[in-house]
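Analysis of the macromolecular model
Letter by letter, the chains look like this.
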Amino acid sequence: MKYAIIGTGAIGGYYGARLARAGFDVSFLLHSDYQFVKENGLTIDSCDGSFTLPSPKIYDNTANMPKCDVVIVALKTTNNHLLSSLLPPLLTPDTIILLIQNGIGVEPDVEKMFPGQPLAAGLAFICSAKAGPGHINHQFYGNINIGNYSCLDTERFRQLISDLHEAGIGAATVDYLEARWKKAVWNMPFNGMTVALNTTTNHLLSCQATHQLIYDQMLEVIGAANALGIHNIDRSFADKMIANTIKMPPYSPSMKLDYDFHRPMEINYLYSRPIADAKAVGFKMPKLEMLEAELRFIGNREL
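A brief structural summary. (Residues numbered from 1 in each chain as written. Predicted model: local features only at pLDDT ≥ 70, side-chain atom pairs only at ≥ 80, totals over all residues. Heavy atoms only, no water.)

1. Re the overall build of the protein
This is how the line gets drawn: Put simply, DSSP marks the helices as runs of H or I at least four residues long and the strands as runs of E at least two long, and each gets a number from the N terminus on. Here the radius of gyration uses the C-alpha set of atoms, whereas the globule reference equals 2.2 Å times the residue count to the power 0.38. The rule is simple: take the accessible area with a 1.4 Å probe, protein chains only, and divide by the maximum for that residue type; under 20% is buried, over 50% is exposed, in between is partly exposed. Note on definitions: a residue-residue contact is assigned when non-hydrogen atoms from the two residues lie within 4.5 Å. Throughout, the Shrake-Rupley method with a 1.4 Å probe supplies accessible areas, and for residues the shown protein chains are the sole cover considered. We treat Lys and Arg as the positive residues and Asp and Glu as the negative residues; His and chain ends play no part in the count. Here the site of a charge means atom NZ of a Lys, CZ of an Arg, CG of an Asp or CD of a Glu.
For the protein, the count of helices and strands is 12 helices and 10 strands. Taken against the 2.2 N^0.38 rule, which gives 19 Å for 303 residues, the C-alpha radius of gyration of the protein at 19 Å falls within 12% of a compact globule. Principal axes of the C-alpha set define a box for the protein whose edges measure 50 × 40 × 35 Å. Every one of the 303 residues in the protein was classed for burial, and the buried ones make up 54%. Within the protein, contacts between residues at least 6 apart in sequence are counted, and of these 70% link residues at least 24 apart. Summed over all atoms, the accessible surface of the protein reaches about 12900 Å², with 53% contributed by carbon and sulfur. Here the protein contributes 25 positive and 29 negative side-chain charges, whose respective centroids are spaced 2 Å apart.

Spelled out as structure tokens, the structure:
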């Protein structure tokens, strides 16, 4: 299948480069890095083996890109208003839009822009950051769970999973809502707390007080998911997420990097939407509501 990468950064650049290295037809959309990558290629420094794509298929405008079978959207959700103009040149009626983005409620909003278009959620469990122009530093993990939101062509959906496996990417098919909320169990505590306390994941877990607070916040997310009818998530999943994070190198999640580089933070889909969805069924998330308020304050101060 043919792929297009919209958002050639820490996540889209990594997965797209792995697919291209495996021989798949991958087109990358670039803006500020376009000339650098044209001259120097796209480099992945990876714990699983580093490599450079010397001449990837790059474009600075989607109007010039070929139509594809799968569009991987790895933009921050704060830029989703751009999708209505970016994606149409790439789409056929059967093109899958794979949204590797954080938060709850992303797919329903994108569906309003592209009614009837096959959508899937990509939940990446990866430590990866952009180190410089055309340069991605993949530090740890790398698997991705794919939740089928509205893909009726199950054969094409299975082919997507197969292609990812062929590229050496651990990919699994999961229930859409369950996957979104499981990712929120990690995202909601760690993204916001690293910003609010200006720290990294390892420091949060090395302090008994913040370790407990992170755990309590995880249990709030799990409680919300259970209240919404998602029952395959319990306390043991929080234990697993804590244990996995302890194994990671010191890490700044995407929201912390956005804060550090004075970019808008993804508060809406990461906090406001899940908190509102939980409230709608009578479940409150007081610790995460407080964290959301703190992030709103910090975000407004940065403007």
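2. Focus: the nonpolar core
Here is the rule: Only buried Ala, Val, Leu, Ile, Met, Phe, Trp, Tyr and Cys residues count toward a nonpolar core, and they belong to the same one when joined by side-chain atoms within 4.5 Å.
Within the largest apolar cluster, 40 residues are counted, with the highest numbers of intra-cluster contacts made by Met218 and Tyr271. Every element with two or more residues in this core is listed here: helix H6 (176–196), helix H7 (201–206), helix H8 (208–227), helix H9 (235–247), helix H10 (254–260), helix H11 (267–280) and helix H12 (286–302). In terms of residue count, H6 provides more of this core than any other element does, 8 residues in total. Each residue touching Met218, except ones within four places of it in the same chain, is listed here: Val185, Trp186, Pro189, Phe190, Ala238, Met241 and Ile242. Counting 36 residues, the second-largest nonpolar core is a separate cluster that includes Tyr3, Leu19, Ile58 and Ala120.

3. Here's the deal with the side chain of Lys183
For the record, the criterion: Here a salt bridge means any side-chain nitrogen of Lys or Arg lying within 4 Å of a carboxyl oxygen belonging to Asp or Glu.
Along the chain, Lys183 falls in helix H6. Look at Lys183: it is buried, it has no salt bridge, and the nearest opposite charge is Glu266 at 9.2 Å. Filtering out sequence-adjacent residues up to four positions away, Lys183 remains in contact with Asn102, Leu123, Ala124 and Phe125.

4. Considerations on the pattern of salt bridges
By the definition in use, this model includes 14 salt bridges. Between Arg296 and Glu292 there is a salt bridge, and its shortest N-O distance comes to 3.8 Å. Taken together, the residues span about one helical turn, with Arg296 and Glu292 both in helix H12 at a distance of 4 residues. Taking the relative accessible area as the measure of exposure, Arg296 reaches 37% and is therefore partly exposed. Given the relative accessible area of 16%, Glu292 is considered buried. Look at the salt bridges and you will find they share partners, linking Asp69, Asp153 and Arg156 into a network.

5. Some remarks on H9
Convention followed: The span one expects for a helix is its residue count, reduced by one, times 1.5 Å. This arc is taken over the directions from the axis of the helix to the C-beta atoms.
Compared with an ideal rise of 1.5 Å per residue, which puts 13 residues at 18 Å, H9 spans 19 Å between its outermost C-alpha atoms and is within 8% of the ideal. Within H9 the residues assigned to the buried category are Phe237, Ala238, Met241, Ile242 and Thr245. Buried residues of H9 fall within an arc of 140° about the axis and therefore sit on the same side. Facing away from the buried side of H9 by more than 90 degrees, the exposed set consists of Ile246 and Lys247. Looking at the buried side of H9, the elements it contacts are H6, H7 and H8.

6. Here's the deal with the packing of aromatic side chains
Here is the rule we go by: Stacked, tilted and edge-to-face pairs are distinguished by plane angle, under 30 degrees for stacked and over 60 for edge-to-face with tilted covering the rest, among Phe, Tyr and Trp rings (Trp via its six-membered ring) whose centres lie within 6.5 Å. Criterion for a charge above a ring: Lys NZ or Arg CZ within 6 Å of the ring centre, and within 35 degrees of the ring normal.
Within this structure, the stated rule accounts for 5 aromatic pairs. A cation over a ring is seen here: Lys183 above Phe125, with NZ or CZ 5.6 Å from the ring centre.

7. Considering the state of the cysteines
Joining two cysteines, a disulfide is a covalent bond between their sulfur atoms. Note the threshold: A pair of cysteine sulfur atoms is labelled a disulfide when the two atoms are within 2.5 Å.
Tallied over the full model, the rule gives 0 disulfides. Lacking any disulfide linkage, Cys47 is separated from the closest cysteine sulfur, that of Cys127, by 8.4 Å. Not engaged in a disulfide, the cysteine Cys151 finds its nearest cysteine sulfur in Cys68; these two sulfurs lie 13 Å apart.

8. Description of the environment of Ala276
Relative to the helices and strands, Ala276 resides in helix H11. A sequence separation of 13 residues divides Ala276 from Glu289, and the C-alpha atoms of the two residues are 9.8 Å apart.

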